[in-house]
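# Descriptive analysis of the structure
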Amino acid sequence: AVFRELYDSQKDVYGIISEFLKELIINSALHQFNLTEITNLLNETYDFNIPEAVVKTSINRLNFIKKNQGLYTAENIAQLKSNNILEKQLIIQQNNNLLIDGLFNFIKDSKKVELSESEKEKIVNSFCSFILGETDEYEYSDFVSAYIITNNKNKEFIDQLNTIKEGVVLYSGIKYTSNLNDIGSWNTELTIFIDTEVLFHFAGYNGELYQSLFNDFFSFVKEINQRPKKKLIQLKYFREVKDEIERFYKKAEFIIEGKGKADPSVTAMTSILKGCSSPSDIIMKKTKFYNLLRANGILEDDYSNYFAEYNYKYNIIDQQIIKNVSESLGIEDITDYLRFLNFISIHRKEANCNNFDNVGFILLTGNTNTLRVAWDEKIKKQGNVPLATDLNFLTNKFWFKLNKGFGTNSYPKSFDIITKAQIVLSTHLNKSVSQQFDDLQLKFKNKEITEEEVVATIAALRTQARKPEEIKEDEISDILGTISET
């Protein structure tokens, strides 16, 4: 939050870091130091992970620092005026504590239980993970999301959370960018492989909010590709993704023919079936979908050497990895989630993977388990850019690189904390509905219920499923109740 607030006065990321360095030098009375020492102290004090090269440029912004033979000397420290970063931190921390206390009370009232200290610690961790944009698979994510949506009309509350989130965007942009002088343009080639779910976002099958998130990302891609003579960012999808899409439309045909029933939690299927009365209507929608991809330069991958012998050394799949990661994530078998990550690893080869600009290839996915596997420490080395990411990550990186700035009132939708809360609740609610649908099918198969009961229950489940934009404040209690039932 302090990082973001300083941006308003500095308007430059080097300037922000130089303010942190100045405060550090004053408070620690550092009269002499080298680059490594000051970088380590900065990162330890503020829990940053900022590269030495960025710190080096930032130090040069401080006119009271002199350099001689690799040593920096701070002159007249006693006369320097502090920028009160510690004071700012304290005020923000006090405000954050009020938010956390409000969250404790919200959960206590919702669950009608007293919270132990260990539960409170888990809640704080969940809240921090949510704001920092980490994985959504944490214990209290539903309650954190519900708490935010309940307070969506409290401007001070939402502004406070968005300030932190914007600060995270700034910081993570610096963390993965080696040369901040390149900010304002994108100069390297990047191929983004898109999975089925995100392609369906583009078509609007998963609702307006997801489509809006994709369009924000896509607008940056088009802006980057307009500037140079060469198209720098390629958008593709694997052949296996096309197979998934084909199976999805084929299932839609079966449902239209009365040979199956639609899972009410799968909003993409509901969208495809809407307005269709025959298999030919489904085929027309499929043709329109592929035309949309083609017209926007999203093409099928034509690389055919993934299993060639010379690519073996880039292969990340082996039985031990599958066993270890499956166990650590609590997923029965991660093989399917590893497949596309493996393709990305083969494409990257010896790329500089700790620098987002130079990775060359990345998977854009809407699948939570794929992301969890990609971020597992056995797959992703410390400091490296993951093999897969989501729309939020890519949109933030492009926004930072193109130097869009704050205060323009044209933020990407992914910046909005309420948007994220709606997505988390919608995802978990629909997962709950899907589990209930699976249980229903099993009961019907075992002749425990009649077909009429199945039809009536599916109709009821259909009213429970929600697209993110359909998650409203007045339904929060019912939504939490549905999620907790499974």
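In the block above lies the structure referred to throughout.
The present account deals with the structure reproduced in this document. A quick note: this is a predicted structure, and the numbers were derived from the prediction, not measured.

Locating Val266 in the fold gives a position in the loop between α11 (239-256) and α12 (267-273). When the C-alpha atoms of Val266 and Val433 are compared, they prove to be 9.3 Å apart, with 167 residues separating the residues in sequence.

Here we take up the packing of α11 against helix α15 (residues 335-348). Between α11 and α15, the shortest axis-to-axis distance is 11 Å and the interhelical angle comes to 150 degrees. Between α11 and α15, the angle is such that the two are roughly antiparallel. In this structure, α11 contributes Glu240, Val241 and Glu244 to the contact, and α15 contributes Arg339, Phe340 and Phe343. A per-class count over the contact of α11 with α15 returns three nonpolar, no polar and three charged.

Right, let's get into the packing of helix α2 (residues 13-28) against helix α4 (residues 52-59). Where α2 meets α4, the closest approach of the two axes is 8 Å, and the angle between their N-to-C directions is 80 degrees. When the interaxial angle is binned, α2 and α4 end up roughly perpendicular. Packed against α2, whose contacting residues are Tyr14, Ile17, Ser18 and Leu21, the element α4 presents Val54, Val55, Thr57, Ser58 and Ile59 at the interface. Across the contact of α2 with α4, the residue classes tally to six nonpolar, three polar and no charged.

Phe20, Ile25, Ile38, Leu42, Ile192, Phe217 and Phe398 are the most contacted members of the largest nonpolar core, which totals 112 residues. Residue contributions to this core peak at nine residues, all from helix α10 (residues 208-226). Each residue touching Phe398, except ones within four places of it in the same chain, is listed here: Trp186, Leu190, Ile192, Phe217, Phe220, Val221, Ile224, Ile233 and Phe356. Membership of the second largest hydrophobic core comes to 34 residues, among which are Phe106, Phe130, Phe157 and Leu161.

The alternating pattern of strand β5 (residues 233-237) places Ile233, Leu235 and Tyr237 on a buried face, while none of Gln234 and Lys236, on the opposite face, is buried. Here strand β4 (residues 190-194) runs beside β5; their pairing, made up of four bridges, is parallel. Bridge pairing in β5 places Ile192 opposite Leu235. Both β5 and strand β6 (residues 298-300) contribute to a ladder of three bridges, which runs parallel. Note on β6: the bridge partner recorded for Tyr237 is Glu300.

Analysis parameters
- Residues numbered from 1 in each chain as written.
- Predicted model: local features only at pLDDT ≥ 70, side-chain atom pairs only at ≥ 80, totals over all residues.
- Heavy atoms only, no water.
- Helix = DSSP H or I, 4+ residues; strand = E, 2+ residues; numbered from the N terminus.
- Axes fitted to C-alpha atoms, helices over the stretch in contact; angles between N-to-C directions.
- Parallel < 35°, antiparallel > 145°, perpendicular 65-115°, else oblique.
- Contact = heavy atoms within 4.5 Å.
- Nonpolar A, V, L, I, M, F, W, Y, C, P; charged D, E, K, R; others polar.
- Core = buried A, V, L, I, M, F, W, Y, C linked by side-chain atoms within 4.5 Å.
- Buried < 20%, exposed > 50% of the residue type's maximum accessible area, 1.4 Å probe, protein only.
- Pairing = 2+ DSSP bridges.

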